[in-house]
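Architecture and fold: a report
One letter stands for each residue in the lines below.
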Amino acid sequence: MIAPSLLSANFANLEKDIQMLNKSEADWIHLDVMDGVFVPNISFGLPIVSTVKKLTNKSLDVHLMIVKPENYFEAFVQAGADYISFHLEASTHVRRSIQLLKKLGVKAGIVLNPHTPVSLLEDVIDELDYVLLMSVNPGYGGQRFIEQTYSKIEKLKQLIKESYSNALIQVDGGVNTENAKALYKAGADVLVAGNAVFSAQNPVETIAQIRNAKRT
Ligand code: DX5
Ligand code: ZN
């Protein structure tokens, strides 16, 4: 699957970019919420999520790069999130947060920064709908893919298998038409792509190319 990230969209005409995504094979729309505290950058918040919700029937995948994420779960669900992921590094009571998301009726994901080992998920993997592995340091679009991500995907795949978990593996940062195939091969289920999609000559075709990169 592919979840194009709106971070690289044209905010002067967001409607046009959402219409492009509606026509495309995009599975989810990825929305990067940044608070300037957990990450050095500030992006957008609730009004953009609720605006996007009105313009699409695609599932909204909200990636919270904020401190105290659990305080905002309900507001993002009301704004239209279908999937919500929060950073392990920003959360103290992780299991409680996952349960809160489930109670609110959305899919629950945990995000790991590039330096955070997959083994820290051992005791919660059974509860998760998805795990998002950051393949860049979060905060900005258009960064270079960190190659170690491949072995992290493999370790996570193994953990999911051993735990009889149904969690999907999502990868975010520096994904493009060149590395999509290898990422699927390593075990990724959902690829997030911002810059690769929105800077492409033909974004609809690029979405299809990344999404359908052959698993061999
Ligand atoms: C980075 C964000 C990503 C970002 C990916 O902090 O979490 O979702 O939009 O952008 P690209 O695909 O440009 O690396
Ligand atoms: Zn993201």
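What counts and what doesn't
- Residues numbered from 1 in each chain as written.
- Chains lettered and ligands numbered in written order.
- Predicted model: local features only at pLDDT ≥ 70, side-chain atom pairs only at ≥ 80, totals over all residues.
- Heavy atoms only, no water.
- Helix = DSSP H or I, 4+ residues; strand = E, 2+ residues; numbered from the N terminus.
- Rg over C-alpha atoms; globule rule 2.2 N^0.38 Å.
- Buried < 20%, exposed > 50% of the residue type's maximum accessible area, 1.4 Å probe, protein only.
- Contact = heavy atoms within 4.5 Å.
- Areas by Shrake-Rupley, 256 points an atom, 1.4 Å probe, with all protein chains shown as cover.
- Lys, Arg positive; Asp, Glu negative; His and termini not counted.
- Charge placed at Lys NZ, Arg CZ, Asp CG, Glu CD.
- Donors = N, O, S within 2.8 Å, 3.2 Å for Na, K, Ca; no water.
- Tetrahedral: all angles 85-135°; square planar, octahedral: opposite > 155°, others 65-115°.
- Pairing = 2+ DSSP bridges.
- Right-handed = clockwise from strand over helix to strand, strands pointing away.
- Near = heavy atom within 4 Å.
- Polar contact = N/O pair within 3.5 Å; in protein donor to acceptor, adjacent residues only side chain to side chain.
- 1 Å grid on protein atoms, 1.4 Å probe; cavity = no way out; pocket = protein on both sides within 12 Å on 5 of 7 lines; lining within 4 Å.
- Sits in = over half its atoms within 2 Å of the grid points.
- Nonpolar A, V, L, I, M, F, W, Y, C, P; charged D, E, K, R; others polar.

Another aspect to go through is the overall build of the protein chain. If you tally the helices and strands in the protein chain, you get 8 helices and 8 strands. Whereas a compact globule of 216 residues would reach a radius of gyration of roughly 17 Å, the protein chain reaches 16 Å, a difference of no more than 12%. When the backbone C-alpha atoms are referred to their principal axes, the protein chain occupies close to 45 × 40 × 30 Å. Counting all 216 residues of the protein chain, 53% fall into the buried class. Long-range pairs, those at least 24 residues apart, make up 64% of the contacts in the protein chain with a sequence separation of at least 6. Of the accessible surface of the protein chain, which amounts to about 10100 Å², a share of 47% is contributed by carbon and sulfur atoms. Separation between the mean location of the 21 positive side-chain charges and that of the 23 negative ones in the protein chain comes to 3 Å.

To continue, consider the coordination of the zinc ion (ligand 2). Distances from the zinc ion (ligand 2) to its protein donors, His30 (NE2), Asp32 (OD), His63 (ND1) and Asp172 (OD), fall within 2.0 to 2.3 Å. Bound by 6 donor atoms, the zinc ion (ligand 2) shows angles of 71 to 168° at the metal and therefore octahedral coordination geometry. All donors of the zinc ion (ligand 2) belong to a single chain; written as a sequence motif, their spacing is H-x1-D-x30-H-x108-D. Here histidine 30 falls in the buried class, since its relative accessible area comes to 0%.

Take unusual backbone geometry next. Of note in this structure, lysine 68 is not a glycine but carries a positive phi near 45°. For lysine 68, a relative accessible area of 53% puts it in the exposed group. In the Ramachandran plot, tyrosine 164 falls in the positive-phi region, its phi being about 50° despite a non-glycine side chain.

Where burial is concerned, most of strand E6 (residues 130–134) is hidden: 5 out of the 5 residues are buried. Burial along E6 is two-sided: Tyr130, Leu132 and Met134 facing one way and Val131 and Leu133 facing the other are all buried. Alignment of E6 against strand E7 (residues 168–172), held across 5 bridges, turns out to be parallel. Bridge pairing in E7 links leucine 133 to valine 171. For the handedness criterion, the β-α-β arrangement of E6, helix H5 (residues 149–162) and E7 is classed as right-handed.

Turning our attention to the site of ligand 1. The environment of ligand 1 is made up of 20 residues, and the closest members are Ser5, Gly139, Gly142, Asp172 and Gly194. With respect to ligand 1, the side chain of serine 5 contributes an N or O atom lying 2.8 Å from an oxygen atom. The separation between an oxygen atom of ligand 1 and a polar main-chain atom of glycine 139 is 2.8 Å. In isolation ligand 1 has 390 Å² of accessible area, and contact with the protein removes 99% of it. Taking a 2 Å distance to the grid points as the criterion, the majority of the atoms of ligand 1 fall inside the largest pocket. Breaking the shell around ligand 1 down by element, the ones donating at least two residues are strand E2 (28–34), strand E3 (59–65) and strand E8 (190–193). For the shell around ligand 1, the leading source of residues is E2, giving 3 residues. For the shell around ligand 1, the residue count by class is 8 nonpolar, 10 polar and 2 charged.

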